[in-house]
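Coordinate inspection notes
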Amino acid sequence: MSALVAAAVGLATGILSGCGVGGGSLLMLYLTMLAGIAQYQAAGINLLYFLACAPAALWSHSKNGLIERRTALWCIAAGIPAAFAASLLAARMDTGWLRRAFGIFLLCVGIKECFAKRK
C-alpha cells in the first residue's frame, strides 16, 4: 500500500509541477513529514524528480508558445551548475539549518505570490 501511495503522490505532484503550481514543494513536504525521509535526502530526490518531470512540462509549454527560447537557454545554462552545487551544499549542511532555509524560502515565495500583480 505504501508504494501505491508514493506513486500517487509522485503522479499528483508531477502534474502540479508541470502546471507550475509547486509540486516539488509539495513533494518535499510529503517526503519529510509523511515518508520520514531526511531533509537532505528529500532535496536530492526532489532534484532528480524535477529532471524527470521537466521534459514533459517543457514540451507542453513550448508547444503552446509559452517558452521564450533565449531566456530558457540562459536558465538552463545557469540552472544545471546551480542545482549541482546546491545538492553538494545541502549534503554538507546541518539538517536543522536546511529545514529553516527551506521554510523561509517557502514563506518568501508565498508572500510574493500573495502580493504579485497578475498580467
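Attention here is on the structure that accompanies the text. What you see is a predicted model; the values in this text were computed from it and never measured.

Below, the discussion takes up the overall build of the chain. Assigned secondary structure in the chain consists of five helices and zero strands. In terms of principal-axis extent, the alpha carbons of the chain reach across some 40 × 35 × 30 Å. Scored against the burial criterion, the 119 residues of the chain give a buried share of 16%. Across the chain, contacts joining residues at least 24 apart in sequence account for 47% of those joining residues at least 6 apart. Per element, the accessible surface of the chain, about 9,000 Å² overall, is 73% carbon and sulfur.

Before going further, it helps to examine helix H3 (residues 39–63). End to end, H3 covers 35 Å across 25 residues, agreeing with the expected 36 Å (1.5 Å per residue, within 8%). The axis of H3 is deflected most strongly, by about 35°, at Cys53, and proline Pro55 appears within four residues downstream. Within H3, the full set of buried residues consists of Gln39, Ala42, Ala43, Asn46, Tyr49, Cys53 and Ala57. In this structure, the buried side of H3 is in contact with helix H1 (2–18), helix H2 (23–34) and helix H5 (95–115). In the segment just after H3, Gly65 is the residue with positive phi, at about 70°.

Cut-offs used in this document
- Residues numbered from 1 in each chain as written.
- Predicted model: local features only at pLDDT ≥ 70, side-chain atom pairs only at ≥ 80, totals over all residues.
- Heavy atoms only, no water.
- Helix = DSSP H or I, 4+ residues; strand = E, 2+ residues; numbered from the N terminus.
- Buried < 20%, exposed > 50% of the residue type's maximum accessible area, 1.4 Å probe, protein only.
- Contact = heavy atoms within 4.5 Å.
- Areas by Shrake-Rupley, 256 points an atom, 1.4 Å probe, with all protein chains shown as cover.
- Expected span 1.5 Å × (residues − 1).
- Bend = angle between axes of the 7 residues up to and from the residue.

No statement about biological role is implied by the geometric values presented.
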